[in-house]
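In case you want the letters, here they are:
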Amino acid sequence: MKITRVTVEVLETPLNSQYMAGGSSVNSNWHILARIYTQDGIEGIGFDVALRPMLVRAAAQACQELGDLLVGMEIMEIEAARARLERAAGWAGPGGMLCMAMAPLDIAMWDAAGKTVNQPLYRMLGGYRDRVRAYASEALWYSLTHDELAKSAQTHASAGFDMLKLRLGHEANPQGEVDRVRAVQEAVGPEVQVMVDATESWTESQALASGRALQDAGIVWLEDPVNHQDIAALARLSQALEVPIAAGEHLFGVEPFVRTLEARAVNIAIIDLARVGGITPWMKVAALAQAKGVPLAGHVIPEVHVHLLAAVPNGHLVEYMPRSEPITKTRLKLEDGHLVAPKTPGLGVELDEAACERYRVT
Ligand SMILES: [Mg+2]
């Protein structure tokens, strides 16, 4: 079936959940929403979620211009469609913003392809399992007090999550970081595992000292201890610490993952669906990581990541940050600490059209 039309919208969506009180420096999220229509009346949807407005309109403009190039192409020939887009965007890339511009189109093509053959996305992409272990990370920011952290953690635990991730990296010394972990751990008890994201805040030596203190405190992963471009430092930390090092959410496209994996710089690769450029490149990174025996985690957008992580053998953990709930009618199901991949065709995401209308800015 041929693509007949592509539309792109920018939506400014409110922070949605009960978890959002305090601690967040933003009041809204930004969605770039692409819709791809085919001859037989199928509509595929794909979206990026940006936490800041910077470059969103420019990326959406690029998304529309690239999307117009898809008209007339076959919905099931996604590699051919991507090749056309990448050629149009310049062979040297695409990188940076162009990855974010291509991601909603790529996701929308896969959604439409799934609807065309009447299969859910996780099966289209491999169908290794139908659910993925989940962790909650909303409203566990480094700016919160211990009491606020404890309250957020309890909210997540009572919703059924048995893994939580808090952000660190802004305390004066390792003990201060450990104290924040303890505040959360005490609030939820030993049944709940705690992970830490240092948001690239430390030097290598700070990361080593804090990493040792935190692994002794029982954390189950340490994310982004240092700048993601310092692959050598990440590799040394992965060697020196017993706690698994997770990183990758700031990498654009496939190629930086080649270098990161080759250097054995991460024990767990985190993929950001928008920065990698959509589902097609995501799957290529997944295969590279599998060849190195590296498990995967998804960065935000749980509605799509649940499918991708369920599809592949090395899919490990999905991050639950439900930033798209204000514009969707469907809700992900949590069972025994796992998010369940929808069985409906494509993404299995139904938009709330009235909400999209309300939040549309272009
Ligand atoms: Mg992170």
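Calculation notes
- Residues numbered from 1 in each chain as written.
- Predicted model: local features only at pLDDT ≥ 70, side-chain atom pairs only at ≥ 80, totals over all residues.
- Heavy atoms only, no water.
- Core = buried A, V, L, I, M, F, W, Y, C linked by side-chain atoms within 4.5 Å.
- Buried < 20%, exposed > 50% of the residue type's maximum accessible area, 1.4 Å probe, protein only.
- Helix = DSSP H or I, 4+ residues; strand = E, 2+ residues; numbered from the N terminus.
- Domains from an automatic or database assignment.
- Contact = heavy atoms within 4.5 Å.
- Disulfide = S-S within 2.5 Å.
- Donors = N, O, S within 2.8 Å, 3.2 Å for Na, K, Ca; no water.
- Axes fitted to C-alpha atoms, helices over the stretch in contact; angles between N-to-C directions.
- Parallel < 35°, antiparallel > 145°, perpendicular 65-115°, else oblique.
- Left-handed = near helix turned anticlockwise from the far one by under 90°.
- Nonpolar A, V, L, I, M, F, W, Y, C, P; charged D, E, K, R; others polar.
- Pairing = 2+ DSSP bridges.

Undergrad: Talk me through the nonpolar core; I want residue IDs and the actual numbers.
TA: Counting residues in hydrophobic clusters, the biggest one holds 113 residues, and the most contacted among them are Leu 70, Leu 164, Ile 279, Trp 282 and Leu 296. Broken down by element, this core gets its largest block of residues, nine residues, from helix H3 (residues 96-117). The residues that make up this core include at least three from each of domain 1 (3-118) and domain 2 (123-340). Apart from residues lying up to four places away in sequence, Trp 282 is in contact with Ile 271, Leu 273, Val 276, Leu 296, His 305, Leu 308, Leu 309 and Val 312. Ranked by size, the runner-up nonpolar core spans nine residues in total, among them Tyr 135, Met 163, Met 195 and Ile 270.

Undergrad: Describe the state of the cysteines, naming the residues involved and giving the relevant values.
TA: Under the defined criterion, the tally for this structure stands at zero disulfides. Free of any disulfide, Cys 63 has its nearest cysteine sulfur in Cys 99, 12 Å distant. Given the relative accessible area of 0%, Cys 63 is considered buried.

Undergrad: Give me the lowdown on the coordination of the magnesium ion, citing residues and values where you can.
TA: Donor atoms from the polypeptide that coordinate the magnesium ion comprise Asp 197 (OD), Glu 223 (OE) and Glu 249 (OE), at 1.9 to 2.2 Å from the metal. Between the donor residues of the magnesium ion, the gaps in sequence give the motif D-x25-E-x25-E. Here the residue Glu 223 occupies a position in strand S7 (residues 222-223), and Glu 249 occupies one in the loop between strand S8 (245-247) and helix H9 (255-262), the gap between them amounting to 26 residues. A relative accessible area of 1% places Glu 223 in the buried class.

Undergrad: How would you sum up the packing of helix H5 (residues 146-159) against helix H6 (residues 174-188)? Please name residues and give values.
TA: Relative orientation of the contacting elements H5 and H6 amounts to 40°, with a least axis distance of 8 Å. The angle between H5 and H6 places the two elements in the oblique class. Two packed elements cross with a definite hand, and for H5 against H6 that hand is right-handed. Judged by residue contacts, His 146, Leu 149, Ala 150, Ala 153, Gln 154 and Ala 157 of H5 engage Asp 179, Arg 180, Ala 183, Val 184, Ala 187 and Val 188 from H6. In terms of residue class, the contact of H5 with H6 is made up of eight nonpolar, two polar and two charged.

Undergrad: Explain the packing of helix H1 (residues 56-68) against H3 to me, using residue names and the numbers behind them.
TA: One way to put it is that H1 packs onto H3 with a least axis distance of 8 Å and a crossing angle of 55°. When the axes of H1 and H3 are compared, the pair comes out oblique. H1 and H3 meet at a crossing whose hand is right-handed. Residues Ala 58, Ala 59, Ala 62, Cys 63, Leu 66 and Gly 67 of H1 form the contact with H3, whose own contacting residues are Met 97, Leu 98, Ala 101, Met 102, Pro 104 and Leu 105. When the residues that make up the contact of H1 with H3 are grouped by side-chain class, the tally is 11 nonpolar, one polar and no charged.

Undergrad: So what's going on with the pairing of strand S3 (residues 43-50)? Residues and values would help.
TA: Among the eight residues in S3, seven count as buried, and that is most of the element. Where strand S2 (residues 28-38) and S3 come together, eight bridges link them in antiparallel fashion. For Arg 35, the partnering residue across the bridge sits in S3 and is Ile 45. Taking the residues that link successive antiparallel strands as the turn, the S2-S3 hairpin has four residues, and the phi of Gly 41 there is positive, at about 85°.

Undergrad: Outline the sheet that holds strand S1 (residues 3-14), supporting the account with residue identities and numerical values.
TA: With antiparallel pairing, the three strands of this open sheet are ordered in space as S1-S2-S3. Whereas interior strands pair on both sides, the edge strands pair on one side only; in this sheet they are S1 and S3. Each neighbouring strand pair of the sheet contributes to a mean axis angle of 15°, computed without reference to strand direction. Against the sheet, H3 touches S1, S2 and S3, its axis set at about 145° to S3.

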